[in-house]
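Here is what each chain is made of, one letter per residue.
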Amino acid sequence: MFYWLLKWVLVGPLVRVLYRPRISGLEHIPTRGPAIIAPNHLSFCDSVFVPLLAPQQVHYVAKAEYFTGSGLKGRLSAWFFTGVGAVPVDRSGGRASMAAIDTGLRTLREGKLFGIYPEGTRSPDGRLHRGRTGIARLALASGVPVIPVGLVGTDRVQPNGRTGWRLGPRPEVRFGPPLDFSRYEGLADDRYVLRAVTDEIVSAILELSGQEYVDMYATKAKALASRAAAAAAEQLPEAA
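In the nomenclature of an unreviewed UniProt entry, the chain corresponds to Lysophospholipid acyltransferase family protein from the organism Streptacidiphilus jeojiensis.

Caption draft 1: Structural detail: the pattern of salt bridges. Applying the stated criterion across every chain, the model contains seven salt bridges. Here Arg 130 and Asp 215 are joined by a salt bridge, their closest N and O atoms 3.0 Å apart. With a gap of 85 residues between them, Arg 130 in the loop between strand E7 (128-129) and helix H7 (134-142) and Asp 215 in the loop between strand E10 (213-214) and helix H10 (218-239) connect regions that are remote in the sequence. The salt bridge involving Arg 183 is made with Glu 200; its shortest N-O contact spans 2.7 Å. Here Arg 183, found in the loop between strand E9 (172-175) and helix H9 (191-209), pairs with Glu 200, found in helix H9; they are 17 residues apart in sequence, far enough to count as distant. Overall, the relative accessible area of 49% leaves Arg 183 in the partly exposed class. When its relative accessible area of 29% is taken as the criterion, Glu 200 is described as partly exposed.

Caption draft 2: Spatial organisation of the environment of Gly 134. Topologically, Gly 134 is positioned in helix H7. Take Gly 134: its relative accessible area is 18%, and that puts it in the buried class. Taking the C-alpha atoms as reference points, Gly 134 and Ser 97, separated by 37 residues in sequence, lie 6.9 Å from one another.

Caption draft 3: View of the sheet that holds E9. Spatial ordering of the open sheet is given by E1-E9-E8-E2-E6-E3, a layout of six strands whose pairing is mixed. With partners counted over all chains shown, the strands left at the sheet margins are strand E1 (22-24) and strand E3 (58-59), one partner each. Two strands pair when backbone bridges link them, and E3 and strand E6 (residues 113-115) are joined in this way by two bridges, in the parallel orientation. Within E6, the residue paired with Val 58 across the bridge is Leu 113. Across the sheet, H9 touches strand E2 (35-39), strand E8 (146-152) and E9, and the angle it forms with E8 is around 35°.

Caption draft 4: Quick look at the packing of H7 against H9. Running from N to C, H7 and H9 cross one another at 100°; their axes reach a closest spacing of 8 Å. Relative to H9, the element H7 lies roughly perpendicular. Here Ile 135, Ala 136, Arg 137 and Leu 140 of H7 lie close against H9, whose contacting residues are Val 193, Leu 194, Val 197, Thr 198 and Ile 201. For the contact of H7 with H9, the class distribution of residues is seven nonpolar, one polar and one charged.

Caption draft 5: Fine view of the packing of aromatic side chains. Applying the stated criterion to the full structure yields five aromatic pairs. Between Tyr 3 and Trp 4, the aromatic rings sit 4.7 Å apart at their centres with planes inclined by 70°, giving edge-to-face as the arrangement. Residue Tyr 3 is classed as buried on the basis of its relative accessible area of 3%. With a centroid separation of 5.3 Å and 25° between ring planes, the pair formed by Phe 49 and Trp 165 is classed as stacked. Of this pair, Phe 49 sits in helix H3 (residues 46-53) while Trp 165 sits in the loop between helix H8 (154-157) and E9; the two residues are 116 residues apart in sequence, bridging distant segments of the chain. With relative accessibility at 30%, the residue Trp 165 sits in the partly exposed group. Within the aromatic cluster, the residues linked to one another by ring pairs are Tyr 19, Phe 49 and Trp 165. Over the aromatic face of Trp 8 sits the side chain of Lys 7, whose NZ or CZ is 5.3 Å from the ring centroid. A cation over a ring is seen here: Arg 132 above Tyr 217, with NZ or CZ 3.8 Å from the ring centre.

Calculation criteria
Residues numbered from 1 in each chain as written. Predicted model: local features only at pLDDT ≥ 70, side-chain atom pairs only at ≥ 80, totals over all residues. Heavy atoms only, no water. Salt bridge = Lys/Arg side-chain N within 4 Å of Asp/Glu carboxyl O. Helix = DSSP H or I, 4+ residues; strand = E, 2+ residues; numbered from the N terminus. Buried < 20%, exposed > 50% of the residue type's maximum accessible area, 1.4 Å probe, protein only. Pairing = 2+ DSSP bridges. Contact = heavy atoms within 4.5 Å. Axes fitted to C-alpha atoms, helices over the stretch in contact; angles between N-to-C directions. Parallel < 35°, antiparallel > 145°, perpendicular 65-115°, else oblique. Nonpolar A, V, L, I, M, F, W, Y, C, P; charged D, E, K, R; others polar. Phe/Tyr/Trp six-rings, centres within 6.5 Å; stacked < 30°, edge-to-face > 60°. Lys NZ or Arg CZ within 6 Å of the ring centre and 35° of its normal.

Next comes the structure, spelled out in structure tokens:
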């Protein structure tokens, strides 16, 4: 009930009026039953646009901290993430990926849509990065179709590092045809199969998003960029 109130009354209409997002491929999302929604990840606001613009509610995992904060900000955060269908996951202890997969399986077994970013984190440079095999494990364990999604322009609405949204950019959400991996039934523990499935999903996202692809994990790209920025900062006093 709360989700539909956000979608059709409180937030959804405002987002549609202010940003006029272009949406295509809605016919690829099943009207009933579970499916995995697999977008590229350019901005924090991706997790707002996809759930609000999809015809069915899309559930994502979110850090447990978003639901347990104190004060007005903490209450508003918990209110919003609960409303858009986010599921809290404890990311401490190094089990974040397995916790996300377990949560995804439970959600799919309940007949719902579950959203997961194959890259694992936001792209630091706007390019599409190598996919993590967690999505393949989830697809093979659940047996449900994967709907690739290409997000375009959300990083202009809310660039990395910014909390506010910019007016002007018009983002696009492109849902692609479902991918069926039933041919790999029983091979969920084969790492070559997991990589092949992941790469097929990422390839479908690439076709929809039109991004440049780089065969590197986004986390590694972030680390390299941080080291380069730190090295440049160290050289500034010498140059001065």
